[in-house]
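Listed below, chain by chain, are the residues.
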Amino acid sequence: MTLSPPLTTCLAALTTLAVSGATALADTPTSWPVSHHKIDLGAVSVAYREAGPKDAPTLLLLHGFPSSSHMFRDLIPEVAGRFHVIAPDYPGFGQSDAPPAESYDYSFATLAATMDRFTQDLGLEHYTLYMQDYGGPVGLRLATAHPERIEGLIFQNATVHAEGWAEEIVAQLAPFWAERTAQTEAPIRQLLTPQTTRWQYEQGSTRLDRLSADAWISDQAGLDRPGNAEVQLDYLWNYRDNVAAYPAWQAYLAEAQPKTLIVWGQNDPFFTPRAVEGLQSLLPEAETQMFEAGHFALETHAPEIGAAIRATFSN
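What you are looking at is a predicted structure, and each value in this text was computed from that prediction instead of being measured.

S.K.: Any chance you could break down the overall build of the chain for me, citing the residues and the numbers?
M.R.: Each helix and strand in the chain was counted, giving 11 helices and 8 strands. For the C-alpha atoms alone, the extent of the chain along its principal axes is close to 95 × 45 × 40 Å. Here the chain holds 315 residues, and 52% of them are scored as buried. In the structure as shown, the chain presents an accessible area of about 14100 Å², 54% of it carried by carbon and sulfur atoms.

Below you can see the structure in the form of structure tokens.
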């Protein structure tokens, strides 16, 4: 049977569409499933999320207080095609072990040592560090101990300057850091309450419709575990050691000049834009992107931050 010209034309057009559609699908980044693991490190077992091809450059995601790897749930799909993504939960957070405070030294030096052991046991020889809040002091301890492993740094609301702190937060913490007593500890315990946990997510956010209650509910469930208040108070008290280490970390950044991306929620109630200015003075070649967001900018701007990471570390 001979096809009429209109029908022949129609079939040719459909064939062209089918081929172009297949090409478009081929160009779409692979959607990498997230797998969940736990590794025994001796003193503790550490839970972590993993995604992306294992032969790709490693992106190590270091979370803040009071969150866990859960804070990266929206970012991981944005970067897993470009990176081998690893996101651990610190001891005392998320799904990792939370031994009693008398059984594990909840200091940042010990935490960084645990994360160092974690990377070695996973065979991570080189990596880019994404550091938010607590991730800053953890990551910079890793970087200064093993500068040869660092392929890049991403700062997201994590300061290395005392001037970067909001004054009202320092006013609460300074007496506690100077002398740990029941009296100075009392206001710090407010950081562990459901009201404050939710406030940390909502304060400064300009996209409240994108905030999921899953974030603070998940965090609070961890804080409310029996004995976890003492764990968190130990971390918060030990944070003073991080402030003392700021000059050493500043010196490392100024000398090493690692490839750096700064992404920042500029309405952060804890770390102000002065923290960004401090980083920029140390790292003049760093790419900087500011967002109308709060302390947990990934909750509202994960696509934009993911795009910034892909663009900055495209090589």
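S.K.: Give me the lowdown on unusual backbone geometry, citing residues and values where you can.
M.R.: A cis amide bond links phenylalanine 65 to the next residue, proline 66, at an omega of -5°. Looking at the element boundaries, proline 66 is found in the loop between β3 (58–62) and α2 (76–79). Phi angles above zero are rare outside glycine, and aspartate 133 is one such case at about 55°. Mapped onto the fold, aspartate 133 is located in the loop between β5 (127–132) and α4 (135–145). When its relative accessible area of 8% is taken as the criterion, aspartate 133 is described as buried. The phi angle at glutamine 257 is positive, at roughly 50°, despite the residue not being glycine. Here glutamine 257 shows up in the loop between α9 (228–256) and β7 (260–265). Overall, the relative accessible area of 35% leaves glutamine 257 in the partly exposed class.

S.K.: For the pairing of β5, give the residues involved together with the corresponding values.
M.R.: With respect to burial, β5 is a largely interior element, 6 of its 6 residues being buried. Note: β5 against strand β6 (residues 150–156), 6 bridges, orientation parallel. Residue pairing for β6: threonine 128 is matched across the bridge by glycine 152.

S.K.: Break down the side chain of histidine 301 for me, citing the residues and quoting the values.
M.R.: Along the chain, histidine 301 turns up in helix α11 (residues 298–312). On the basis of relative accessibility, which here comes to 4%, the residue histidine 301 falls in the buried class. Each residue touching histidine 301, except ones within four places of it in the same chain, is listed here: Arg207, Phe291, Glu292 and Ala293.

S.K.: Break down the pairing of strand β2 (residues 45–51) for me, citing the residues and quoting the values.
M.R.: Counting buried positions over the 7 residues of β2 gives 7, a clear majority of the element. Every second residue of β2 is oriented toward a common face, with Ser45, Ala47, Arg49 and Ala51 on one face and Val46, Tyr48 and Glu50 on the other, all of them buried. Of the pairings in the sheet, the one linking strand β1 (residues 35–40) to β2 comprises 6 bridges and is antiparallel in character. Counterpart to isoleucine 39 in the pairing with β2 is valine 46. The turn joining β1 and β2, which pair antiparallel and follow one another in sequence, is formed by 4 residues; a positive phi near 95° is taken by glycine 42. Pairing geometry for β2 and strand β4 (residues 84–88), over 4 bridges, is antiparallel.

S.K.: Give a description of the pattern of salt bridges that names residues and reports values.
M.R.: Summed over the entire model, instances satisfying the criterion amount to 12 salt bridges. Of the charged contacts in the structure, one is a salt bridge between arginine 73 and glutamate 299, with a shortest N-O distance of 2.8 Å. Placement of arginine 73 in the loop between β3 and α2 and of glutamate 299 in helix α11 is noted, with a sequence separation of 226 residues between them. Notably, a salt bridge pairs arginine 117 with aspartate 121, separated by 3.0 Å at the nearest N-O pair. Separated by 4 residues within a single helix, arginine 117 and aspartate 121 lie in helix α3 (residues 108–121), roughly one turn from each other.

S.K.: I'd like a rundown of the nonpolar core, residues and numbers included.
M.R.: By size, the foremost hydrophobic cluster in this structure holds 61 residues, and its most contacted members are Phe118, Leu129, Tyr134, Phe155, Tyr235 and Leu253. With 10 residues, the single largest contributor to this core is α9. Every residue in contact with phenylalanine 155, bar those within four places of it in the chain, is listed here: Met131, Leu140, Val160, Leu253, Thr260, Leu261, Ile262, Val263, Trp264, Leu279 and Leu283. If you look at the next biggest cluster of nonpolar residues, it comprises 30 residues, including Leu75, Leu211, Ala215 and Leu261.

S.K.: A description of the packing of helix α7 (residues 194–202) against helix α8 (residues 213–223) should follow, citing residues and the corresponding values.
M.R.: Contact geometry for α7 and α8: axes closest at 9 Å, N-to-C directions at 145°. Crossing angle aside, the handedness with which α7 passes α8 is right-handed. The segment α7 lies against α8, with Pro194, Thr197, Arg198, Tyr201 and Glu202 engaging Ala215, Trp216, Asp219, Gln220 and Leu223. Tallied by class, residues from the contact of α7 with α8 come to 5 nonpolar, 2 polar and 3 charged.

S.K.: Report on the sheet that holds β7, specifying residues and quantitative values.
M.R.: Taken together, the 8 strands give an open sheet; going across it, the order is β1-β2-β4-β3-β5-β6-β7-β8, and neighbouring strands pair in mixed fashion. A single partner strand is all that each edge strand has here, and the edge strands are β1 and β8 (287–291). When the angles between neighbouring strand axes are averaged without regard to direction, this sheet yields 20°. Contacting β1, β2, β3, β4 and β5, α3 crosses the sheet at an angle of about 55° to β2.

Thresholds, definitions, all that
Residues numbered from 1 in each chain as written. Predicted model: local features only at pLDDT ≥ 70, side-chain atom pairs only at ≥ 80, totals over all residues. Heavy atoms only, no water. Helix = DSSP H or I, 4+ residues; strand = E, 2+ residues; numbered from the N terminus. Buried < 20%, exposed > 50% of the residue type's maximum accessible area, 1.4 Å probe, protein only. Areas by Shrake-Rupley, 256 points an atom, 1.4 Å probe, with all protein chains shown as cover. Pairing = 2+ DSSP bridges. Contact = heavy atoms within 4.5 Å. Salt bridge = Lys/Arg side-chain N within 4 Å of Asp/Glu carboxyl O. Core = buried A, V, L, I, M, F, W, Y, C linked by side-chain atoms within 4.5 Å. Axes fitted to C-alpha atoms, helices over the stretch in contact; angles between N-to-C directions. Left-handed = near helix turned anticlockwise from the far one by under 90°. Nonpolar A, V, L, I, M, F, W, Y, C, P; charged D, E, K, R; others polar.

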